[in-house]
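Fold and geometry: a report
The residues making up each chain are set out below.
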Amino acid sequence: MKPHEQSVSCPGAIQHAAGRVGDPARGWPCWWYFRIDGITPGETITLRLRGSTATLEKQKPLWDFWAMPTQATFSIDGKTWQHTKIGRREKEWMVYKLKLDATSAFVAWGPPYTPKTAAKFVREMSEKSPHATAAELCHSREDRPVPMLHVREGERTSKQRFGVWVQARQHAWESGSSWVAQGFGEWLISEDNDAAWLRQHAEIFLVPVMDVDNTARGDGGKNAIPQDHNRDWSKKPHWNEIVAVQRMIGGLIDEGRMDVFLDLHNPGPRDPVFFYVLPTEILKEPAITLRDRFIDLAYARIRKIKPPIPMSNKPRVTGPAYHPLWKQISSNWVSMNGNPHTVSLCLEASWNHKNSTITGYRAVGANLAATVREYLGERPEKQ
Ligand SMILES: [Zn+2]
């Protein structure tokens, strides 16, 4: 290796940098994040990235595009993240060049968001706002706390409030979705009049990282054994987080106030789909009209703000033809087990676009929260 040239292969270099590789039994090995030391300030370094060859028995390696954003993300201080220049594909390699005025830097697939980030976020929100509480959803199978933000303002009783549930990161590699969740929470405790209305008329639960164990370890989560978090919404879930959310959402359903459920994800590298929904024929009115109204409101707002695009206003259907475990997908489970008026959606924020940055993701989250306020303002108030 030439001086100042980092040859980065996934998993090789990650194994070297972080002491381990993504374990395919714990989900797609596509996420990467490491620190480079010994840089001479001002010199250009070259990162060469290759897809992981780790597989489970009888499986092919993961399509390497999942691990290869057009622009990687880097940081000098571990707090401010920016895109590299556009990388160049050279056969099986993706090559990124970086010129840094520092002796060390962090480089990652996208802006990282760990369980510690989530804990810090919910704590800071609760310190800033008397209406926000830092809570815990549960502890994971590996005994990590799962941070949750709980927001409500004023004297309305629980039953007089709309129920809103927002969660991200059922797939651990999709770090952008946690930033969308954070943007949602930041808007929610802001001084905006619409945010105040939402706090006063609703009770909002927000979980920035659902799969804390795989996120903490840097594993992908998606298609983990025995099934990933978003295929685990059965009568007997494997993962503690799903047991806990089903119990809490069950309470909202029993009280007739499971109004809006949003499950946040990042999609395929070039997938413009924005919302995933159940086939309309499986739903009954008024759920269909309400869902379509929510999608229209969300699309109208978010397409204006240069979000991570491309995005389409045509939802993709996640019925029987989509996946054999389609009934165990969270937004489908909530749709099928919810109230007649429940709006339950999976939102996919594009991760492979120039706006797929912390700022871009947070803007999507803020506009999604404003959408919830606008949508609930059209609904009859809870008595
Ligand atoms: Zn996902």
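What you see is a predicted model, and the numbers here were worked out from it, not measured in a lab.

1. Brief notes about the overall build of the chain
Summing up its helical and strand segments, the chain has 9 helices and 16 strands in all. Against the 2.2 N^0.38 benchmark of 21 Å for 383 residues, the chain shows a C-alpha radius of gyration of 21 Å, consistent with a compact globule. Per-residue burial over the chain gives 49% buried out of 383 residues. In the chain, the proportion of contacts linking residues at least 24 apart, taken out of those at least 6 apart, comes to 77%.

2. Examining the domain arrangement of the chain
In many reports, interface size means the accessible area that the parts give up when they come together. Partitioning the chain into structural domains gives domain 1 (5-108) and domain 2 (115-377). Placing the centre of domain 1 and that of domain 2 at their C-alpha centroids yields a distance of 28 Å. Listed as interface residues are 17 residues of domain 1 and, on the opposing side, 19 residues of domain 2. Partitioning the side of domain 1 that touches domain 2 into residue classes produces 11 nonpolar, 4 polar and 2 charged.

3. Describing the confidence of the model for the chain
Mean pLDDT over the chain stands at 91; residues scoring 70 or higher make up 93%. Confidence drops under a pLDDT of 50 for residues 1-20, and excluding neighbours within four residues, the segment shows 39 contacts in the predicted structure.

4. Observations regarding the sheet that holds strand β8 (residues 105-108)
One open sheet holds the 4 strands; their spatial order is β2-β8-β4-β5, and the pairing between them is antiparallel. In the strand order of this sheet, the two ends are held by β2 (33-36) and β5 (82-83), each with one partner. Sheet topology places strand β4 (residues 73-75) next to β5; 2 bridges connect them, and they run antiparallel. When the sheet's bridge partners are listed, Thr 73 is paired in β5 with His 83.

5. A closer look at the environment of Asn 355
Here Asn 355 is to be found in the loop between β16 (343-348) and α9 (358-377). For Asn 355 and His 83, which are 272 residues apart along the polypeptide, the C-alpha to C-alpha distance reads 9.5 Å.

6. A look at the packing of helix α3 (residues 175-188) against α9
In contact at an axis separation of 6 Å, α3 and α9 are set at 50° when each is read in the N-to-C sense. As summarised for this structure, α3 and α9 are arranged oblique, according to the angle between their axes. As α3 packs across α9, the resulting crossing turns out to be right-handed. Residue-level contacts link Gly 176, Trp 179, Val 180, Ala 181, Gln 182, Gly 183, Phe 184, Glu 186, Trp 187 and Leu 188 of α3 to Ile 358, Tyr 361, Arg 362, Ala 363, Val 364, Gly 365, Ala 366, Leu 368, Ala 369 and Ala 370 of α9. Of the residues belonging to the contact of α3 with α9, the class tally is 14 nonpolar, 4 polar and 2 charged.

7. Some details on the sheet that holds strand β11 (residues 162-168)
Across the sheet, which stays open at both edges, the 8 strands sit in the order β9-β10-β12-β11-β13-β16-β14-β15 with mixed pairing between neighbours. Looking at strand neighbours, the two that pair on one side only are β9 (132-139) and β15 (316-317), the edges of this open sheet. Both strand β13 (residues 258-265) and β16 contribute to a ladder of 6 bridges, which runs parallel. Each bridged residue has a counterpart across the sheet, and for His 265 the counterpart in β16 is Glu 348.

8. Observations regarding α3
Two residues of an α-helix separated by three or four positions point the same way, owing to the 3.6 residues in each turn. The end-to-end C-alpha separation of α3 is 21 Å, in line with the 20 Å expected for 14 residues at 1.5 Å each. Counting buried residues along α3, 13 of its 14 residues qualify, which places the element largely inside the surrounding structure.

9. Some thoughts on unusual backbone geometry
Pro 226 follows Ile 225 through a cis peptide bond whose omega is 0°. Its place among the elements puts Pro 226 in the loop between α5 (212-217) and α6 (240-254). For the bond from Glu 285 to Pro 286, the omega torsion is 10°, close enough to zero to count as cis. For Pro 286, the position within the fold is in the loop between β14 (275-277) and α7 (287-302). Positive phi outside glycine occurs at Arg 169, with the angle close to 70°.

10. Quick word on the packing of helix α4 (residues 193-201) against α9
Contact pair α4 / α9: the axes reach a minimum separation of 9 Å and the direction vectors enclose 60°. In this structure, α4 crosses over α9, and the sense of that crossing is left-handed. Touching Asp 194, Trp 197, Leu 198 and His 201 of α4 are Ala 370, Val 372, Arg 373 and Leu 376, all from α9. Grouping the constituent residues of the contact of α4 with α9 by class yields 5 nonpolar, 1 polar and 2 charged.

The rules behind the values
- Residues numbered from 1 in each chain as written.
- Predicted model: local features only at pLDDT ≥ 70, side-chain atom pairs only at ≥ 80, totals over all residues.
- Helix = DSSP H or I, 4+ residues; strand = E, 2+ residues; numbered from the N terminus.
- Rg over C-alpha atoms; globule rule 2.2 N^0.38 Å.
- Buried ≥ 20, exposed ≤ 12 C-beta atoms within 10 Å, placed from the backbone.
- Contact = placed C-beta atoms within 7 Å.
- Domains from an automatic or database assignment.
- Nonpolar A, V, L, I, M, F, W, Y, C, P; charged D, E, K, R; others polar.
- pLDDT = per-residue confidence, 0-100.
- Pairing = 2+ DSSP bridges.
- Axes fitted to C-alpha atoms, helices over the stretch in contact; angles between N-to-C directions.
- Parallel < 35°, antiparallel > 145°, perpendicular 65-115°, else oblique.
- Left-handed = near helix turned anticlockwise from the far one by under 90°.
- Expected span 1.5 Å × (residues − 1).

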